[in-house]
Amino acid sequence: MARVRRLTRYFNPKEYEPKIIEFWDSHKIYEKLRMSRKGRKRFHFLDGPPYPSSDMPHPGTVWNKIIKDVIIRFKRGEGYDVLDKPGWDTHGLPIEVMTEKALGFSSKKEIEVFGIDKFVLKCKELATKNLRSMTRYFKEFAVSMDWENPYLTYENRYIESAWWGVKEIWKQGRLYEGERPVHWCPRCETVLSDYEVSENYKDMMDPSIFVKFKVLGSENEYLLIWTTTPWTLPANVAVMVHPDEDYVKVRLGDDILILAKKRLENVMNEASIEDYEVIEEFKGREIGGLRYEHPLEDIVRVQRELREVHRVVLSDKYVTMEEGSGCVHTAPGHGKEDFEIGELYNLPVISPVDERGRFTEEAGKYSGLQVREANSVIIEDLREKGALLYEGTIIHKYPVCWRCDTPLIIRTTNQWFVKLTDLREKMLEESGKVKWVPRWGGERRFRDWLLGLEDWIISRQRYWGIPLPVWKCEECGREEVIGSSKEIEEKSGVKLEDLHRPWVDEVTWKCEKCGGIMRRVPDIMDVWYDSGSSFFASLGYPHDNSDAFNELFPVNFITEGHDQVRGWFFSLLRMGTLLFRRAPYESVLMHGFMLDEKGKEMHKRLGNYVPPPEIVEKSGRDTYRVFVLTKVPWQDLRFSWRGLEETSRKLSVIWNVYVFATTYLRDREIGPLPPLEELDPVNKWILSRLNSMMRDVRAALNEYQLHTATTEVLKFFIEDLSHLYLRVARKKLRSRDSKVSDQWSRVLYHVLREALPYLSIFAPLMSEKIYLDSFKQEDDPESVNFLLLGQVRQEYISSYLEEMMNIIREIVSASGFARSSVGMRKRQPLREILIVTQDEDVIKAVNTLTDVLLTEANVRCVRIGEEPIRGKWAEAEFSRGKLYLSLEMGDKELLGGMARELTRRIQQMRKELGLTIGVERINIYLQGDEFVRRAVEMFYDDIAWDSDADVIKFVVSEEEVPENSFGKEWKIDDRRVSIWIKKVV
RNA sequence: GGGCCCGUGGCUCAGACUGGUCAGAGCGCCCGGCUGAUAACCGGGAGGUCGGGGGUUCGAGUCCCCCCGGGCCCA
């Protein structure tokens, strides 16, 4: 036997939400939950680690965590032991830059003077502070993850796992050192990955110049090249032309210029030259190998050594007819395409620029100048030498550093690479095995991305990151890669407390081969290495948790925003393929971005950012959850205060469903669900709906269709329970036949109790409040979080019955239309509804669900028959027929209407006195005219029953009414009625 | 320059994978109603050439192509 307690009437999340969170905390609900699921089947979820760059998460990050929480709660409800360890991506440049700013630094030198050790500790402190603070907000939104045991990429155990991976990669022969042109930030003095570069392009004004390179041995013939980066001219080694395009020789004064035919007009227009003459035309390939003199060779030292090199090379890939002159200045030290062509033609790589973006001595006269500042000097020199045809300016998108906005340069440096290109096919194959939601998220976006796969630069020239575990012998250059701190200890005898720089830098040992000193290369690793390793490093694999990993790999589910297709989804796949020859995850949900109310990206610096505490304060936690969950997850989501307001109202309806039900159910002994065949059709119907809702929610969540699942639950509560079932149940629960009221209370209790764990996936705080205050039985678990999702009972589901109810809904709605068309109010009971139809289903529906139709249409009987010939009727059509409402009214209808009016007013008075339904009884005293008197006479029993009255008595004067009665004057239509009620003691 | 997504009544969005009761919901608006859920609730109505144009088809928000607008990713 179950009992429910009355739920407080007002939906007041502001009041109870913090208390529920406090309750979960103080009662260690999460910890107990973990324990309770021990030994069950595992579900492996992996948290994409957010970057703790602020003390407060972006509302979009909260959305991200809510999505994760829904899947976690769902799987837990299905009975799984869910791995729900949150992660934090703690290393990297943003934290370094913030720390630098806090310390007032602007260069690496200042950091080294300050002390790398102190600097790194500051970075760690900042990351730790931020992640702790952000955790608070995630908990606020009821995200139930293992907050006490997160994985942190800066922890030694994590770093060791990452090192193990590097060593494996090295053993495969994939780790190599090489010189490459890379994007470089001259302020941060480090390489940036392509991914980091793509973060930020800015419009920038640069010179746009056409330069003449004199053809060797000729008197006056020149190759005309175009560039927007004059500072790369000192590193020029060749000129590219397109083999299949037409080129021309043009006479221009005393000079003859060589350029592409298709570009001729544009170039001459831009340089405002009108007087020129085409004297020869040929294919680009014909000038392949043509040698030229560099105009700056007497100024730039290194150019003098290149006299034998300068020549025309061919490329159909990188020469465009869209811009420039068709003769492309090629500097393999300062461009990726240039480098590729350089390799093809075996050209030298020149890069006379240092890490701070200044020319080196190789650049002769320009030595010491910042490259961008050198532009104007170089242009002047070209002009002086007569090598400048034209100088203009151009505004174009130019990459800047994503952290400090400094324009990037491309320079050739020594970096560490992981060979990947031979894995492209395998990665494509593996990504094809992944279940992507939505499908286009992976199938198209990801494939395109993988097709452009290149080797991976994993080294960074910074401080706060996982040190690259490569030691090199100073004497013989032999390399060793270290896979754990134990190995370091074995080799050097040093036991490191902290594996970061600078402590790890100090560890050296003797080279086994030559006895030289083995010293670590000073680089740290790309942060994408960190987060890409999370699928094994978060479990401490292989050092302290091989079993867990072996049991859990691969990850069942991950979800992040669409920016992570090329970010984390990719880096996980890369690490998985490198180390385990497979995708490390099975299914991926790609979600959208949180935009502001106008559809623009939401950013702190744009001032359109909504802080999560404001959402908590103004709308509530469950409200925000349900708001974001009803939206299609993979689309960008517009934040909307109004949307939150609407959501809140929906939740209050659900709350009211429970309030209403508990009003009737409280203090009643409620037995188990009666057998199906004994049930009223309406009860059969609601049980069918309950089970089909459960079935649909489970199916939707298993497909990661969160919005469908959320909508199903809302629909069930609002449309089925609130709008329909409860309206019928209200009368049945107060039935004089205790068998009836007993059946309905059992069904109602069962339905609400079964629905609660489903509701709790989406609105856990509200569900907990309802559970604790009202539904929890003595031997029930102490929190709603422990409840398993009830099994779907197929035998309860009748799509036929559900279809029947839909027909009834349509008829009721049409009868409302019929009434309103003749101005008949719904409160007035009518004699009969006549339904004219040929449809068998309509007839069955009407016969099966008669009660609903009678109650909802407020008629005394229903008849199926022919169109009426005589009498007064209101009519309306519905999709499968026509209906007529009888407008003929006798005493029974008229007096019945009055009885209802009286009852309603008496009820309201009872409520004002705070009397309890079905418990506290009253006596009623009335004054009114003959019509009122007759209504009471005819419906005496109904009024008395409905209002829990012992006596209803007409009085002539107020003196007959007992003392201390509660009295009120009413006007019903045009009649005056006085009502007094007095509680029976 | 390339790729992907989005563009549905005043607002916010479902529906598109699998063409044919798919032209829907909520809010807002207008009208009416209910009443022991009440700073709620219910019903009805008005309102959309489903961004524009072309194509495939007996039939297209739904598939294809082009264009316009917005967003994201990559160059």
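Since the structure is predicted, the reported quantities are computational estimates derived from the model, not experimental observations.

Each value, and the rule that gives it
- Residues numbered from 1 in each chain as written.
- Chains lettered and ligands numbered in written order.
- Predicted model: local features only at pLDDT ≥ 70, side-chain atom pairs only at ≥ 80, totals over all residues.
- Heavy atoms only, no water.
- Helix = DSSP H or I, 4+ residues; strand = E, 2+ residues; numbered from the N terminus.
- Rg over C-alpha atoms; globule rule 2.2 N^0.38 Å.
- Contact = heavy atoms within 4.5 Å.
- Areas by Shrake-Rupley, 256 points an atom, 1.4 Å probe, with all protein chains shown as cover.
- Lys, Arg positive; Asp, Glu negative; His and termini not counted.
- Charge placed at Lys NZ, Arg CZ, Asp CG, Glu CD.
- Buried < 20%, exposed > 50% of the residue type's maximum accessible area, 1.4 Å probe, protein only.
- Pairing = 2+ DSSP bridges.
- Axes fitted to C-alpha atoms, helices over the stretch in contact; angles between N-to-C directions.
- Polar contact = N/O pair within 3.5 Å; in protein donor to acceptor, adjacent residues only side chain to side chain.
- Near = heavy atom within 4 Å.
- pLDDT = per-residue confidence, 0-100.
- Salt bridge = Lys/Arg side-chain N within 4 Å of Asp/Glu carboxyl O.
- Core = buried A, V, L, I, M, F, W, Y, C linked by side-chain atoms within 4.5 Å.
- Parallel < 35°, antiparallel > 145°, perpendicular 65-115°, else oblique.
- Left-handed = near helix turned anticlockwise from the far one by under 90°.

A.B. asks: Before we go on, may I ask you to explain the overall build of chain A in this structure?
C.D. replies: When helices and strands are tallied, chain A shows 33 helices and 37 strands. In terms of C-alpha radius of gyration, chain A reaches 40 Å, well past the compact-globule figure of 30 Å for 985 residues. Over its C-alpha atoms, taken along the principal directions, chain A stretches across nearly 130 × 75 × 50 Å. Partitioning the contacts of chain A with sequence separation of at least 6, the portion at a separation of at least 24 is 79%. About 42,000 Å² of surface is accessible on chain A, with carbon and sulfur atoms providing 46% of the total. The centroid of the 147 positive side-chain charges in chain A is displaced by 5 Å from the centroid of its 161 negative side-chain charges.

A.B. asks: I'm lost on the pairing of strand 11 (residues 255-260) in this one. Help?
C.D. replies: When a strand is regular, its side chains alternate between the sheet's two faces. Counted residue by residue, strand 11 has six buried out of six residues, so it is predominantly covered. Sheet topology note: the strand 8 (residues 221-227)/strand 11 ladder contains three bridges and is parallel. Looking across to strand 11, one finds that Y222 is bridged to L257. Relative to strand 11, strand 10 (residues 246-252) runs antiparallel, the two sharing six bridges. Opposite K249, over in strand 11, you have I258 as the bridge partner.

A.B. asks: Even after reading the chapter, I still don't get the sheet that holds strand 27 (residues 585-591), so can you show me in this structure?
C.D. replies: Here three strands make up an open sheet; going across it, the order is 18-27-26 and the pairing parallel. The open sheet has two edge strands with one neighbour each: strand 18 (435-437) and strand 26 (555-561). Strand after strand, the sheet turns through a mean of 15 degrees between neighbouring axes, direction not considered. Note: strand 18 against strand 27, three bridges, orientation parallel.

A.B. asks: When you look at the sheet that holds strand 30 (residues 830-836) in this model, what are you seeing that I'm missing?
C.D. replies: What holds strands together in a sheet is hydrogen bonding between their backbones, with the strands either parallel or antiparallel. Read across the open sheet, the four strands follow the order 31-30-33-32; overall the sheet is mixed. Lying at the two open borders of the sheet, with one neighbouring strand each, are strand 31 (859-864) and strand 32 (873-878). Averaged over all pairs of adjacent strands, the angle between their axes in this sheet comes to 20 degrees, without regard to strand direction.

A.B. asks: What is the right way to read the side chain of R910 from this model?
C.D. replies: In this structure, R910 sits in helix 31 (residues 891-913). A polar contact of 2.9 Å, which involves the side chain of R910, links it to the backbone oxygen of E920. In this view, R910 contacts L915, T916, I917, E920, R921, I922, S947, D948 and I981; residues no more than four positions away in its chain are not counted.

A.B. asks: How do you make sense of the protein's contact with RNA strand B when you look at a structure like this?
C.D. replies: Around RNA strand B, the structure places 43 residues, and the nearest of them are R9, H723, S813, R827 and R910. For RNA strand B, the backbone portion of the atoms within 4 Å of the protein, that is sugar and phosphate, comes to 78%. At 3.0 Å from a phosphate oxygen of RNA strand B is found a side-chain nitrogen or oxygen belonging to R638. At 3.5 Å, a side-chain N or O of R730 approaches a base nitrogen of RNA strand B.

A.B. asks: Honestly, unusual backbone geometry in this entry has me stumped. Any pointers?
C.D. replies: The phi angle of most residues is negative, glycine excepted, and most peptide bonds adopt the trans form. Residue P502 follows R501 across a cis peptide bond; omega there is 0 degrees. If you trace the backbone, P502 turns up in the loop between helix 16 (485-492) and strand 23 (509-510). Backbone torsion omega between F553 and P554 reads 0 degrees, so that peptide bond is classified as cis. Relative to the assigned elements, P554 resides in the loop between helix 19 (546-552) and strand 26. One non-glycine residue, N346, adopts positive backbone phi at about 60 degrees. By relative accessible area, N346 is classed as exposed at 69%. Within the chain, N964 stands out as a residue other than glycine whose phi angle is a positive 60 degrees. Following the sequence through the fold, N964 ends up in the loop between strand 35 (949-954) and strand 36 (966-972).

A.B. asks: Where do I start with the confidence of the model for chain A in this structure?
C.D. replies: In low-pLDDT segments, the atomic positions of the prediction should not be examined closely. Averaged over all residues, the pLDDT of chain A is 88; the fraction at 70 or higher stands at 99%. As scored by the predictor, the complex reaches a pTM of 0.88 and an ipTM of 0.84.

A.B. asks: Looking at this model, I keep getting lost on the pattern of salt bridges. Mind explaining?
C.D. replies: This model, assessed by the stated rule, comprises 80 salt bridges. Between E78 and R698 there is a salt bridge whose closest N-O contact spans 3.5 Å. Of this pair, E78 sits in the loop between helix 3 (59-77) and strand 2 (81-83) while R698 sits in helix 24 (residues 681-702), and the two are 620 residues apart along the sequence.

A.B. asks: Could you clarify how one ought to interpret the nonpolar core in this entry?
C.D. replies: A general feature of soluble globular proteins is that nonpolar side chains tend to end up buried together. Y624, Y658, F717 and Y725 are the most contacted members of the largest nonpolar core, which has 151 residues in total. Here this core gets 13 residues from one element, more than from any other, and that element is helix 25 (residues 706-733). Leave out the neighbours within four places in its chain, and Y624 touches P59, V62, W63, I66, F141, M594, I615, F639 and L644. Formed by 67 residues, the second largest nonpolar core is a distinct cluster that contains L46, V434, Y541 and V565.

A.B. asks: Explanation requested: the pairing of strand 37 (residues 975-983) in the structure shown.
C.D. replies: With six bridges joining them, strand 34 (residues 922-927) and strand 37 adopt antiparallel strand pairing. Bridging from a neighbouring strand, I922 pairs with K983 of strand 37. Across seven bridges, strand 36 lies against strand 37 in antiparallel orientation. Each residue of the ladder has a partner; that of K968, found in strand 37, is I979. In this structure, the hairpin formed by strand 36 and strand 37 is closed by a connection of two residues, where D973 is found at a positive phi of approximately 50 degrees.

A.B. asks: Quick question: what am I supposed to make of the environment of V836 here?
C.D. replies: One can find V836 in strand 30. You can call V836 buried: its relative accessible area is 15%. For the pair V836 and F446, spaced 390 residues apart in sequence, the C-alpha separation works out to 59 Å. Once residues lying within four places of it in the same chain are set aside, the contact partners of V836 are G865, E866, E867, G881, K882 and Y884.

A.B. asks: Looking at this structure, how should I read the environment of Y664?
C.D. replies: Relative to the helices and strands, Y664 is located in helix 23 (residues 641-665). For Y664, a relative accessible area of 15% gives the class buried. For the pair Y664 and G342, spaced 322 residues apart in sequence, the C-alpha to C-alpha distance is 84 Å. Residue contacts for Y664: discarding those within four places in its chain leaves R730, L733, R734 and I917.

A.B. asks: In this structure, what is going on with the packing of helix 24 against helix 26 (residues 738-762)? I would like to understand it.
C.D. replies: A packed helix pair is summarised by two numbers, namely the angle formed by the two axes and the spacing between the axes. Here helix 24 crosses helix 26 at 15 degrees, and the two axes come no closer than 10 Å. One element, helix 24, and the other, helix 26, form an angle in the roughly parallel class. In this structure, helix 24 meets helix 26 at a crossing whose hand is left-handed. Each of V682, N683, I686, L687, L690, M693, M694, V697, R698 and L701 in helix 24 lies in contact with helix 26, whose residues at this interface are Q743, W744, V747, H750, V751, E754, A755, Y758, I761 and F762.

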